[in-house]
Amino acid sequence: MSRYNARTVEPKWQKAWEDAQTFLATRDESKPKYYVLEMFPYPSGRIHIGHVRNYTMGDVIARYKSSCGFSVLHPMGWDAFGMPAENAAMASGGHPKDWTYSNIADMRDQMKPLGLSIDWSREFATCDPEYYGQQQALFLDMLEAGLVYRKNATVNWDPVDMTVLANEQVIDGKGWRSGAPVERRDLTQWFFKISDMAEELLDALDGLDNWPEKVKLMQANWIGKSRGLQFSFDLTTPSVGHDEIEVYTTRPDTLMGASFVGISPDHPLSKALEAENAELAAFNAEIRKSGTSEEALERAEKRGFDTGIKVKHPLNPDWELPVWVANFILMDYGTGAIFACPAHDQRDLDFCRKYDLPVIDTFLALDNPKPVENEAFVPPKTEVVKWIDHFAGLDEANGQEAIDTTIDFAEQRGWGNGVTNYRLRDWGLSRQRYWGCPIPVVHCKACGIVPEKKENLPVALPDDVSFDIPGNPLDRHPTWRDTPCPSCGKPARRETDTMDTFVDSSWYFARFTAPRAETPTVMEDAKYWMNVDQYIGGIEHAILHLLYSRFFARAMKITGHLPETAVEPFDALFTQGMVTHEIYLTRDENDRPVYHLPEEIERTDTGARVIATGEPVTIIPSAKMSKSKKNVVDPVDIIDQYGADTARWFVLSDSPPERDVEWTAAGADAAWKFLGRVWRLAADLGDGDDTNAALEKATAQAIHEVTMGIETFGFNKSVAKLYEFANTIQKSKAGPGAKRKAIKVLAQLMSPMTPHLAEEVWAHLDGEGLIANAAWPKADPALLVDDMVTLPIQINGKRRSELQVAKDLPKEEVEKLALADKAVQKALAGAAPKKLIIVPGRIINVVI
RNA sequence: GCGGUCGUGGCGGAAUUGGUAGACGCGCAGCGUUGAGGUCGCUGUUCUGUAACAGGAGUGAGGGUUCGAGUCCCUCCGACCGCACCA
């Protein structure tokens, strides 16, 4: 008996596929197309077992769809711009370009042995000038279409390194390298007008039937549509050129509970007051010494500064409210000014308790009408509450009714307007960094901002740069930066900001349809291949990447680069879970954590211990893989040890694809053993004309269930069914002819998951051609129906017995049989049942 | 802080979407194969209980709806993802 040897078998079939160009995507108008895409990786240099899971899922779909007669596009590329390349250059010299391309080469070498059905002829990296040049062309078209503009925006500034910091580089309000407290700083930056499409991006979510509900919900919340009231508070005395403060509120119904008016430290009034109020200037300066992330702002302790200015309450001119500058008010949302109603907003309440401001209830709960103390009363907008003094005359009403009534009231009397607002802000794309796509514009003293001419694209990054000085090397590059104005020809300066890497990943899926074209896309190809039929990636991209891509697809339609039908570029989305691994932890003498590699520990009856020292180990299960925690599984090691099919089989087993899966050595071993068992089934098999009805029925059921599993992204269920089917074949007493037929189907059903083994089995059993090109098996529907069913009998909801009946036995007959059942007889003890529930084909419940 | 998700045996997980909880795999136990170990094959395996049945308990905790709840609703606890310059 020959042993299955993945090490020789896998490269053999990979070569066979390559020689036959099996996975080359061709635009074949005679066939339906299918576009499978997994989110492309960042070229860190090492593939991760999470990549293996992601790409294997896509590969299963791609191979399956191909077997079903589709012309499949399954491409791969690299999300290759970004900070890690620059960080590497700063840390250890070298050039981001060399670092990136060498990483790509390494990762490609690690990926190819997985045997993925990828059309590698379409591969590109976003840092290829051929790609980002087309991105620059897109940018210019978007600029012309009015989809891009400039405005001021706040960034994290490291005053020591003299550089802009990303949010992740700000740790506890300090720069990660310098340790200096960061400051907020205003810069003029480029923006995409995504907020203009807020309504459209929100509405269109309804049509995305094959997206996870949770992703749509997260996007809807992110867009954050709200209707509220915009109105002004008049200052009692005009101050620094301001005589009113315009506020936006989503709860105008609580206006009688107003306690103060709050403005953002960056509000124009606050900034104007700084000039004459040193104390406020100091306060604002202090507040600006925090990160710009929303999380940092919201979590910061509530702080405020009383400006001394007073405003009049719009409903009662005798009622004066103080104006405070408060750190939790965002200048980006609404008007950058609010009125605070502490009784019905926890943040406002915390603030008022801290600064001893009044708390006024405006409504009370019907069942528990207690005044607010230290917990704001914030009922759902659907809950009916009792109003204390509603100025528009409400008594008992729910929040939504109150809001609507109040807006109408204000509009009728002309002191306020109902306004629809969105939380979604415009997308700032400027980055003060080298390793990104240059923004193709020129700053000319005479002509202002001038787009680069398309024939001059790409505006390529210069290679002769260094990273030994902080800041953007483009900014200080002597020749690249200086360029003649495309309009007047006089000396001018290039824009030295580059684009956010989210731009690169917002249209790569479209580029894959014509990756070598001299325009961003080619309409014929885009029309044939778009949309992506199945997109697969991590849940961490649920909001930004997907929202930006949806925006870009619309922008590309407007600028003529995508057809109208492609404005929602991803027909179906699947978000897969992580691959996790246990962490092995001990503590050193100072109680600091010490992490151990799996090979450094051994299992004991009670847990595990360090082999070298015998020290007991704490095992943390299901942890995200991280180098520093020493729990990373390298796919290259797994492929060396077991082969790609084992790794592929494992990552599809056990966990549902949307959930995390824990990598275990024992699980990998089990996968490997199973593949060996399948090979042995086929290896010594004879031939014959014999048939076997039971095996044929099992085969039909396996085809049905495995296919359903793949169609519904239940790969773990397909895997379980394949185990069962293999067990059935193994235990079957059928002759070699019948078994041969069953095993060939088994190989086909396994081929999307373990393609190398499947080819080997197929070839061994004299299958025709490559299994990759064989048509997907079809189940005989007649073999899928059972004539008899087993009905469980419950007594008072507890299973007590069961009944074998013909599938179509009339209800009355089932009833008779159920009541005649021994367990039922015993429980009834001669009495009649209170109720008898019979769900045909499902269950019987006798209520006593 | 805000938004979203998840929680089932010793472990990973299944459950036709409100109808037999624990499929399938790991681990463990017993038996067989093997010179031994591993491999391989067979049998068993939620807990409790029993000689064996019977019986009882059971899906993070508590409550509710229902003939019937892992699944629906409410409260709480824990873990994870995102928060606009990480990709």
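One can find the structure itself at the top, above this paragraph.
Fair warning: this is a prediction, and the values are worked out from it, not measured in the lab.

Across its full length, chain A holds 25 helices and 36 strands. Overall, chain A is about 100 × 85 × 65 Å in size when its C-alpha atoms are taken along their principal axes. For chain A, buried positions account for 52% of its 848 residues. Partitioning the intrachain contacts of chain A with sequence separation of at least 6 by distance along the chain shows that 70% fall at a separation of at least 24. As displayed, chain A offers around 38700 Å² of accessible surface, 50% of which is attributable to carbon and sulfur atoms. The average position of the 94 basic charges and that of the 124 acidic charges among the side chains of chain A differ by 4 Å.

With that out of the way, let us pick up the sheet that holds strand β33 (residues 788-795). Within a sheet, neighbouring strands are paired by backbone hydrogen bonds and run either parallel or antiparallel to one another. Overall, mixed pairing links the 4 strands, which are arranged β34-β33-β36-β35 in an open sheet. The outermost strands of the open sheet, each flanked by one partner alone, are β34 (798-806) and β35 (835-839). Within the sheet, the average angular offset between the axes of one strand and its neighbour, ignoring direction, is 20 degrees. Note that β35 and strand β36 (residues 843-847) share 5 bridges and pair antiparallel.

Here helix α16 (residues 544-558) contains 15 residues, and its C-alpha end-to-end distance of 21 Å stays within 8% of the 21 Å for a straight helix at 1.5 Å per residue. If you check which residues of α16 are buried, you get His545, Leu546, Leu547, Tyr548, Ser549, Arg550, Phe551, Phe552, Ala553, Arg554, Ala555 and Met556. Downstream of α16 by one or two residues, Gly560 has phi in the positive range, about 80 degrees.

Another aspect to go through is the packing of aromatic side chains. Applying the stated rule across the entire model yields 48 aromatic pairs. With a centroid separation of 5.8 Å and an interplanar angle of 55 degrees, the aromatic rings of Phe192 and Phe551 are classed as tilted. Residue Phe192 is located in strand β7 (residues 183-192), and its partner Phe551 is located in helix α16; the two are separated by 359 residues in the primary sequence. Both residues of the pair, Phe192 and Phe551, belong to the buried class. Centroid distance Phe233 to Phe339: 6.3 Å. Interplanar angle 70 degrees. Geometry classified as edge-to-face.

Attention shifts here to the sheet that holds strand β18 (residues 427-428). On the basis of which strands lie adjacent, the open sheet formed by 4 strands has the order β4-β3-β7-β18 and antiparallel pairing. One side of each edge strand has no neighbouring strand; the edge strands of this open sheet are β4 (163-165) and β18. Sheet analysis places strand β3 (residues 148-158) next to β4, joined by 3 bridges and oriented antiparallel. Following the sheet pairing, Asp158 is matched in β4 by Thr163. Packing of helix α5 (residues 129-144) onto the sheet brings it into contact with β3 and β7, and relative to β7 it is tilted by some 85 degrees.

Core analysis: the biggest nonpolar cluster contains 161 residues, and Phe139, Phe192, Tyr508, Phe552 and Trp663 have the highest contact counts within it. Counting residues per element, this core draws most heavily on helix α19 (residues 665-683), which supplies 9 residues. With 32 residues, the next largest nonpolar core counts Phe283, Phe305, Leu321 and Phe409 among its residues.

Okay, the protein's contact with RNA strand B next. Neighbouring residues of RNA strand B: 67 residues in total, closest Arg433, Pro656, Arg677, Lys717 and Asn845. Near the protein, within 4 Å, the atoms of RNA strand B are sugar or phosphate in 66% of cases. The side chain of Arg431 places a nitrogen or oxygen atom 2.9 Å from a phosphate oxygen of RNA strand B. Between RNA strand B and the protein, one listed contact pairs a phosphate oxygen with a side-chain N or O atom of Lys673 at 3.1 Å. Of the residues forming the surface near RNA strand B, the biggest block, 8 residues, is contributed by helix α21 (residues 715-731).

Residues Leu457 and Pro458 are joined by a peptide bond in cis, for which omega reads -5 degrees. Take Pro458: it is sitting in the loop between β21 (448-451) and β22 (482-484). Positive phi, close to 50 degrees, is recorded for Met162, a residue that is not glycine. With respect to the secondary-structure elements, Met162 resides in the loop between β3 and β4.

Alignment of strand β20 (residues 441-444) against β21, held across 4 bridges, turns out to be antiparallel. Note that in β21 the partner of Val442 across the bridge is Val450. Between β20 and the antiparallel strand that follows it, β21, lie 3 residues.

Take the environment of Val839 next. Within the fold, Val839 resides in strand β35. Note on Val839: relative accessible area 34%, which makes it partly exposed. Each C-alpha atom of the pair Val839 and Gly45 lies 58 Å from the other, and the pair is 794 residues apart in sequence.

This brings us to the pairing of strand β12 (residues 316-326). Sheet faces and side chains relate simply in a regular strand, where the side chains alternate between the two faces. Pairing geometry for strand β10 (residues 260-263) and β12, over 3 bridges, is parallel. Paired with Ile263 across the bridge in β12 is Val325. Sheet topology places strand β11 (residues 304-313) next to β12; 7 bridges connect them, and they run antiparallel. Considered in β12, the bridge of Phe305 is made with Val325. Following β11, the chain reverses through 2 residues before pairing antiparallel with β12.

Among the surface-exposed residues, Asp234, Asp243, Glu244 and Glu246 lie close enough to one another that they form a single negatively charged patch. Take the negative patch: its biggest share by element is 3 residues, from strand β9 (residues 242-249). Here Glu246 is to be found in strand β9.

Another aspect to go through is the packing of helix α2 (residues 49-67) against helix α20 (residues 693-711). It is at 10 Å that the axes of α2 and α20 come closest, and there the two elements cross at 125 degrees. Judged by the inter-axis angle, α2 sits oblique to α20. Like other packed secondary-structure pairs, α2 and α20 cross with a definite hand, here left-handed. Contacts between α2 and α20 pair Val60, Ile61, Tyr64 and Lys65 from the former with Thr707, Ile710 and Glu711 from the latter. When the residues that make up the contact of α2 with α20 are grouped by side-chain class, the tally is 4 nonpolar, 1 polar and 2 charged.

Let us now look at the side chain of Arg433. Relative to the helices and strands, Arg433 resides in the loop between β19 (430-431) and β20. The side chain of Arg433 sits in the buried core without any salt bridge; Glu86 is the nearest counter-charge, 5.6 Å away. Excluding anything up to four places from it in sequence, Arg433 contacts Met83, Glu86, Val164, Leu165, Ala166, Gln169, Asn472, Leu474, Thr496 and Thr498.

So, on to the state of the cysteines. Inspection of the entire model under this criterion finds 0 disulfides. The thiol of Cys127 is not disulfide-bonded; the next cysteine sulfur, from Cys437, is found 11 Å away.

Under the defined criterion, the tally for this structure stands at 39 salt bridges. The shortest N-O distance in the salt bridge between Asp59 and Arg63 comes to 3.0 Å. In this pair, Asp59 and Arg63 are both assigned in helix α2, 4 residues apart and thus about one turn of the helix distant. The pair formed by Asp59 and Arg63 is uniform in burial state, with each residue classed as buried. As a salt-bridge pair, Asp141 and Lys454 come within 2.6 Å of each other at their nearest N and O atoms. One end of the pair, Asp141, is in helix α5; the other, Lys454, is in the loop between β21 and β22, and 313 residues separate them in sequence. Take Asp141: its relative accessible area is 13%, and that puts it in the buried class. Using a relative accessible area of 43% as the deciding quantity, one classes Lys454 as partly exposed. Within the structure, one salt-bridge network assembled from shared partners comprises Arg27, Glu29, Glu524 and Asp525.

On to helix α22 (residues 736-750). For α22, which comprises 15 residues, the first-to-last C-alpha distance of 20 Å matches the rise-based estimate of 21 Å (1.5 Å per residue) to within 8%. The buried fraction of α22 amounts to 12 of the 15 residues, a majority that puts the element mostly inside the structure. Listing the buried residues of α22 in full gives Gly737, Ala738, Lys739, Arg740, Ala742, Ile743, Val745, Leu746, Ala747, Gln748, Leu749 and Met750. Each element contacted by the buried residues of α22 is listed here: α18 (644-652), α19, α20, α21 and α23 (755-764).

Quick notes on the rules
Residues numbered from 1 in each chain as written. Chains lettered and ligands numbered in written order. Predicted model: local features only at pLDDT ≥ 70, side-chain atom pairs only at ≥ 80, totals over all residues. Heavy atoms only, no water. Helix = DSSP H or I, 4+ residues; strand = E, 2+ residues; numbered from the N terminus. Buried < 20%, exposed > 50% of the residue type's maximum accessible area, 1.4 Å probe, protein only. Contact = heavy atoms within 4.5 Å. Areas by Shrake-Rupley, 256 points an atom, 1.4 Å probe, with all protein chains shown as cover. Lys, Arg positive; Asp, Glu negative; His and termini not counted. Charge placed at Lys NZ, Arg CZ, Asp CG, Glu CD. Pairing = 2+ DSSP bridges. Axes fitted to C-alpha atoms, helices over the stretch in contact; angles between N-to-C directions. Expected span 1.5 Å × (residues − 1). Phe/Tyr/Trp six-rings, centres within 6.5 Å; stacked < 30°, edge-to-face > 60°. Core = buried A, V, L, I, M, F, W, Y, C linked by side-chain atoms within 4.5 Å. Near = heavy atom within 4 Å. Polar contact = N/O pair within 3.5 Å; in protein donor to acceptor, adjacent residues only side chain to side chain. Patch = residues over 30% accessible without salt bridge, like charges linked within 9 Å, V, L, I, M, F, W, Y side chains within 5 Å. Salt bridge = Lys/Arg side-chain N within 4 Å of Asp/Glu carboxyl O. Parallel < 35°, antiparallel > 145°, perpendicular 65-115°, else oblique. Left-handed = near helix turned anticlockwise from the far one by under 90°. Nonpolar A, V, L, I, M, F, W, Y, C, P; charged D, E, K, R; others polar. Disulfide = S-S within 2.5 Å.

On their own, these measurements won't tell you what the molecule is for.
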